[in-house]
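Structural features, examined
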Amino acid sequence: VSVARFDYASVFGQDDRPAADYEQYDIRKSKDVLTFTGILPGMTVLDLEAAGGTYTELFSRVVGDSGKVYMQNPPAVSKRVDGRLANVTPVRAPFDDLSAIPDGSVDVATWLLGPHELWYTPEGAEPGALGDPDKAFAEIARVTKPGGQFIVLDHMAPVGAPATPGGETHRIDKAIIISMAEANGFTLPEESDLLANAEDDGSLNVFDPAIRRKTNRFLLKFTKG
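These numbers come from a predicted model, not from an experiment. Along each chain, residues carry numbers from 1 onward, in the same order as the chain's sequence is written. The predicted origin of the model limits local features to residues at a pLDDT of at least 70 and limits the giving and counting of side-chain atom pairs to 80 or more, whereas totals for whole chains, interfaces and linings rest on all residues. Only hydrogens and water are set aside when side-chain values are computed; all heavy atoms of the structure are taken into account.

Section: the packing of helix H4 (residues 133-143) against helix H5 (residues 174-182)
Helix axes are fitted to C-alpha atoms over the stretch in contact, other axes to C-alpha atoms as well, and angles between N-to-C directions run from 0 to 180 degrees. Only DSSP runs of H or I with at least four residues qualify as helices, and only runs of E with at least two residues qualify as strands; both kinds are numbered from the N terminus onward. Where H4 contacts H5, the two axes come as close as 9 Å, and the packing angle between them is 55 degrees. Of the possible angle classes, the one that applies to H4 and H5 is oblique. In this structure, H4 meets H5 at a crossing whose hand is right-handed. Note on element contacts: H5 touches H4 through Ile 177, Met 180 and Ala 181, opposite Pro 133, Asp 134 and Phe 137. For classification, angles of less than 35 degrees are called roughly parallel, those exceeding 145 degrees roughly antiparallel, those between 65 and 115 degrees roughly perpendicular, and all remaining angles oblique. Rotating anticlockwise by less than a right angle from the far helix to the near helix defines a left-handed crossing, while the corresponding clockwise rotation defines a right-handed one. Throughout, a residue-residue contact means that at least one pair of heavy atoms, one from each residue, lies within 4.5 Å.

This is the structure:
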């Protein structure tokens with residue numbers, strides 16, 4: 001179990017971040033997820049597929065002035081970069097091109113509700129526009145320090161399901177993620193059932209009103225060997 005060495009509750013106070021973030025915290029169990037990441041002041045963090053930046057805001061406040069957060073989004077994904085967060089550097093690139101980030105420079109990489117997107121093609125885009133899965137995991141391994149962490153949170157597909165439904169139901173079998181991470185030098189010392197829901201069988205699209213925001217989600221913490 002992760003042991004908090006930082007007062008994570010302290011970064012949830014009211015300030016100048018978008019008001020909509022506060023509506024998300026309870027739904028996402030954000031304080032518990034943040035604690036699980038183990039991110040600490042002074043660290044360099046890669047927030048993969050940061051989207052609107054709800055977690056980027058939190059990471060920025062934890063790492064502080066001596067830390068750094070890379071806010072990565074593919075060009076097709078929305079972004080929040082308005083200059084308020086001096087320690088945040090935007091990275092606009094597919095998941096398989098993290099060339100803006102130096103080798104072995106990241107203490108913690110996070111990919112929250114995103115890896116299934118590797119098998120998703122946005123409307124009007126070419127297949128693979130978001131990045132090649134194998135190359136993406138190789139890039140994550142390249143930028144992560146030895147001993148660094150890779151945190152993955154996603155919607156669980158039925159056990160044994162192929163990756164292709166990622167673009168149909170927006171889910172992925174965690175076994176696929178584990179296999180790809182391990183193939184790139186990561187081990188899995190810890191996982192959490194914080195967002196598990198045994199009543200979700202994984203068959204419905206995550207946006208289906210019957211299951212939205214109640215999906216069975218896996219939360220994994222890998223360490224780079």
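Notes on the packing of aromatic side chains
For this analysis, a ring pair means two rings from Phe, Tyr or Trp (six-membered ring only for Trp) whose centres lie within 6.5 Å, classed as stacked if their planes differ by under 30 degrees, edge-to-face if by over 60, and tilted for the remaining angles. Throughout the structure, instances matching the rule amount to 10 aromatic pairs. The interplanar angle of 75 degrees and the centroid separation of 5.5 Å between the aromatic rings of Tyr 22 and Tyr 25 together place this pair among those described as edge-to-face. Here the residue Tyr 22 and the residue Tyr 25 both occupy positions in helix H1 (residues 19-28), the gap between them amounting to 3 residues, near one helical turn. Under the relative-accessibility criterion, Tyr 25 is labelled buried at 7%. Through a chain of ring-to-ring contacts, the aromatic side chains of Phe 95, Trp 111, Phe 137, Phe 150, Phe 186 and Phe 222 assemble into a single cluster. Throughout this description, buried means an accessible area under 20% of the type-specific maximum (1.4 Å probe, protein chains only), exposed means over 50%, and partly exposed covers the range between.

A look at the pairing of strand E5 (residues 144-155)
The two faces of the sheet receive side chains in turn, since in a regular strand these alternate between them. Extensive coverage of E5 is indicated by the burial of 9 of its 12 residues. At least two bridges found by DSSP between two strands are what make those strands a pair. Where strand E4 (residues 106-112) meets E5, 6 bridges bridge the pair, whose relative direction is parallel. If you follow Val 108 over to E5, its bridge partner there is Gln 149. Convention used here: a crossover is right-handed provided that the path from the first strand, over the helix, to the second strand proceeds clockwise when the strands point away from the viewer. Handedness of the crossover joining E4 and E5 through H4: right-handed.

A few points about the packing of H1 against helix H3 (residues 54-63)
Look at H1 against H3: their axes get within 10 Å of each other, and the N-to-C directions meet at 90 degrees. Taken together, the axis directions place H1 and H3 in an arrangement best described as roughly perpendicular. Along the contact surface, H1 presents Asp 21, Gln 24, Tyr 25 and Arg 28, while H3 presents Thr 54, Tyr 55, Glu 57 and Leu 58. Residues are sorted three ways: Asp, Glu, Lys and Arg are charged, Ala, Val, Leu, Ile, Met, Phe, Trp, Tyr, Cys and Pro are nonpolar, and all the rest, Gly among them, are polar. Among the residues forming the contact of H1 with H3, the class breakdown is 3 nonpolar, 2 polar and 3 charged.

Comments concerning the sheet that holds strand E3 (residues 88-92)
Reading across the sheet, the 7 strands line up as E3-E2-E1-E4-E5-E7-E6 and stay open at both edges, with mixed pairing between neighbours. A strand with exactly one partner marks an edge of an open sheet, and here the two such strands are E3 and strand E6 (186-192). The sheet shows a mean angle of 20 degrees between the axes of neighbouring strands, direction not considered. Its contacts with the sheet place helix H2 (residues 30-37) against E4, E5, E6 and strand E7 (217-224), and it is angled at close to 20 degrees to E7. Across the sheet, H5 is in contact with E5, E6 and E7; its angle to E7 comes to roughly 10 degrees.

Describing H2
All of the buried residues in H2 are Ser 30, Val 33, Leu 34, Phe 36 and Thr 37. End-on view of H2: buried residues confined to an arc of 160 degrees, all on one side of the axis. Packing partners of the buried residues in H2 comprise H1, H3, E4, E5, E6 and E7. Positive backbone phi, approximately 75 degrees, marks Gly 38, located one or two places after H2. The directions from the helix axis to the C-beta atoms are what the arc is built from.

Describing the nonpolar core
Each nonpolar core is a collection of buried residues, namely Ala, Val, Leu, Ile, Met, Phe, Trp, Tyr and Cys, held together in the definition by side-chain atoms within 4.5 Å. If you look at the biggest cluster of nonpolar residues, it comprises 32 residues, and the most contacted ones within it are Leu 46, Ile 101, Ile 140, Phe 150, Ile 177 and Phe 222. Every element with two or more residues in this core is listed here: strand E1 (44-48), E4, H4, E5, H5 and E7. The next biggest cluster of nonpolar side chains, apart from the first, holds 28 residues, and it includes Val 33, Val 45, Val 63 and Leu 112.

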